[in-house]
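# What the coordinates show
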Amino acid sequence: MTFLEPLSFDMVIIGGGAAGFFTAINAAEMAPKARICILERGKDVLNKVRISGGGRCNVTHAEFLPKELTRNYPRGEKELRGPFHSFMTGDTIEWFEKRGVPLKIEEDGRMFPESNSSETIIDLFLEESKRLKIELFTKRAVQGLQQKNELWEISTSRENFTAKKVLVATGSNPKMWNLLQDLGHSIVPGVPSLFTFNITDKRIKDLPGVATNAVVRLKKVKLETSGPLLITHWGMSGPAILKLSAWSARELSDKKNFEIEVNWLPEYSPEDVEEELRLQKGEKAKQFVHKRSLFELPKRLWQSLLQASGIDAGARWADLNRQQLESLKKELTCGTFQVHGKSTFKEEFVTAGGVELKEVNFKTFESKVCKNLFLAGEVLNIDAITGGFNFQNAWTGGFLAAQAMTSGSAV
Ligand SMILES: Cc1cc2nc3c(=O)[nH]c(=O)nc-3n(C[C@H](O)[C@H](O)[C@H](O)COP(=O)(O)OP(=O)(O)OC[C@H]3O[C@@H](n4cnc5c(N)ncnc54)[C@H](O)[C@@H]3O)c2cc1C
């Protein structure tokens, strides 16, 4: 039997995803002489980038104030504030533009490559890696990681590697979390972060496709989010729901059944609503209540909420009694819905959990537990709501890690 000598590099990047490639490319530019490789367990790299944003890759979000940007991270809000002062949205846009990939902003702030294709991002990363002579090893699942005499030894399903510095960018991979735990890190267990709510309820049963602005409350934890709410075939989705799922990911992780409250009229106070209903009763007494929706609410939703308040299709405003008006106000501003399950949000699936943030230096993204071990992307206990923020975390961490890994005389 022959024992092959390990392959020696200055930097080994574990994980050929968004954070891994971004770090490798920036490190190679900052330290052109450094020998850098990427180890990827799959036969292809950048798989999540390929399917991201429905195949369009929502690269970042047009939010240019660090503090405002951090508000989109249920986990990582505090820790990312400093890093965003060094590298955030504007830098991301410039980074891609300088390399021939201009980004465009959509109405809701999401930013995509102008080509509308995630392949543009993948092609860029692959071309840049080739140009910068970054060595790419696929089908190399990292199975062991240990530091001996200031040198990292990395064993894979095939050969072994050594490096002075290692970046772990393996996303939400439990096996890698176990290896990091063996090295002394604390791991916050992974739970889904972005999901939609399964709701079987007469009020929304016939309304799939209806969307409107709403405030959604999770009463138990006193949490509320606002934004567009989309009624689906199986329940509710849209930014208002996804934000709530992200912010309450941990509280809801072991719950299948819970209760939410929906305010379909976030722009009005309950007093305004009451006043308007009373006014209608007085001034539009002869008009059919179902005929014209109030408050610019989608008509089918308005009619459904009327039914739920015991107001039939033939009712005129004059017919409504106090109880019906009260019940309608309640349905409009704080209707309760029973959620009986969660569905993965297929557009962007993210896991909350990962390396405990207290164990990371956010100036460098270096582990405080192991010297010369860096961490970026979803391997950390950082995740965001949908909208391009998860990739921004990968770009920011990758850039700052690359800076730190190439600083000084080590490489
Ligand atoms: C369907 C979908 C759509 C999404 N769309 C968007 C979007 O439009 N915008 C956005 O901001 N976010 C989006 N996200 C989230 C985003 O993709 C992730 O947050 C991001 O990819 C995290 O990057 P990462 O490099 O940390 O991890 P990953 O992209 O998961 O990459 C980790 C890599 O490490 C490899 N790996 C794991 N273990 C090992 C090992 N032991 N050895 C070697 N390699 C290993 C994996 O195979 C993988 O290639 C989406 C996610 C999904 C699932």
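On a predicted model such as this, the values are computed, not experimentally measured, just so you know. (Residues numbered from 1 in each chain as written. Predicted model: local features only at pLDDT ≥ 70, side-chain atom pairs only at ≥ 80, totals over all residues. Heavy atoms only, no water.)

All right, on to the packing of aromatic side chains then. Evaluation of the coordinates by the stated rule reveals 24 aromatic pairs. Ring centres of F22 and W395 lie 5.1 Å apart, and the angle between their planes is 45°; on these two criteria the pair is classed as tilted. Of this pair, F22 sits in helix α1 (residues 18–30) while W395 sits in helix α14 (residues 389–406), placing them 373 residues apart in sequence. F22 sits in the buried class, given a relative accessible area of 0%. Ring plane angle 40° and centroid distance 6.2 Å describe the contact between F195 and F197, whose orientation is recorded as tilted. With relative accessibility at 4%, the residue F195 sits in the buried group. Through a chain of ring-to-ring contacts, three or more aromatic side chains come together here, namely F21, F22, F87, W95, F96, F125, F391, W395 and F399. Lying over the aromatic face of F337, R203 brings its terminal NZ or CZ to 3.8 Å of the ring centre. Above the plane of the ring of F195 lies K342, whose end atom (NZ or CZ) is 5.1 Å from the centre. (Phe/Tyr/Trp six-rings, centres within 6.5 Å; stacked < 30°, edge-to-face > 60°. Helix = DSSP H or I, 4+ residues; strand = E, 2+ residues; numbered from the N terminus. Buried < 20%, exposed > 50% of the residue type's maximum accessible area, 1.4 Å probe, protein only. Lys NZ or Arg CZ within 6 Å of the ring centre and 35° of its normal.)

With that out of the way, let us pick up the packing of helix α11 (residues 270–283) against helix α13 (residues 322–334). For the pair α11 and α13, the least separation of the axes is 10 Å and the interaxial angle reads 135°. Classed by the angle they form, the pair α11 and α13 counts as oblique. For the element pair α11 and α13, the recorded crossing hand is right-handed. Between α11 and α13, the contacting residues are P270, V273, E274, L277 and K281 on the first element and L325, L328, K329, L332 and T333 on the second. When its residues are assigned to classes, the contact of α11 with α13 shows 6 nonpolar, 1 polar and 3 charged. (Axes fitted to C-alpha atoms, helices over the stretch in contact; angles between N-to-C directions. Parallel < 35°, antiparallel > 145°, perpendicular 65-115°, else oblique. Left-handed = near helix turned anticlockwise from the far one by under 90°. Contact = heavy atoms within 4.5 Å. Nonpolar A, V, L, I, M, F, W, Y, C, P; charged D, E, K, R; others polar.)

Turning next to the sheet that holds strand β4 (residues 103–105). For sheets, the rule is that strands pair by backbone hydrogen bonds, running either parallel or antiparallel. On the basis of which strands lie adjacent, the open sheet formed by 3 strands has the order β3-β5-β4 and antiparallel pairing. With partners counted over all chains shown, the strands left at the sheet margins are β3 (60–61) and β4, one partner each. The pairing of β4 with strand β5 (residues 110–113) spans 3 bridges and is antiparallel. Across the sheet, the residue bridging to K104 is F112, located in β5. (Pairing = 2+ DSSP bridges.)

This next bit is on the site of the ligand. What surrounds the ligand is a group of 33 residues, the closest being A19, E40, E347, E378 and F391. In the model, an oxygen atom of the ligand is placed 2.8 Å from a nitrogen or oxygen of the F391 main chain. Take the shell around the ligand: its biggest share by element is 4 residues, from helix α2 (residues 47–55). A breakdown of the residues in the shell around the ligand according to their chemical character gives 13 nonpolar, 12 polar and 8 charged. (Near = heavy atom within 4 Å. Polar contact = N/O pair within 3.5 Å; in protein donor to acceptor, adjacent residues only side chain to side chain.)

On to the pairing of strand β12 (residues 211–218). The pairing of β12 with strand β13 (residues 223–231) spans 8 bridges and is antiparallel. In the strand pairing of β13, L218 is matched with L223. Where β12 hands over to β13, the hairpin turn is made up of 4 residues, of which K222 adopts a positive phi near 50°. As judged from the 4 bridges shared by β12 and strand β15 (residues 258–263), these two strands associate in the antiparallel manner. Bridging across to β15, L218 finds its partner in I260.

Counting residues in hydrophobic clusters, the biggest one holds 88 residues, and the most contacted among them are F96, F125 and I154. Here this core takes 10 residues from α14, the largest share from any one element. Grouped together as the second largest cluster of nonpolar side chains are 40 residues, F295, W302, A315 and L328 included. (Core = buried A, V, L, I, M, F, W, Y, C linked by side-chain atoms within 4.5 Å.)

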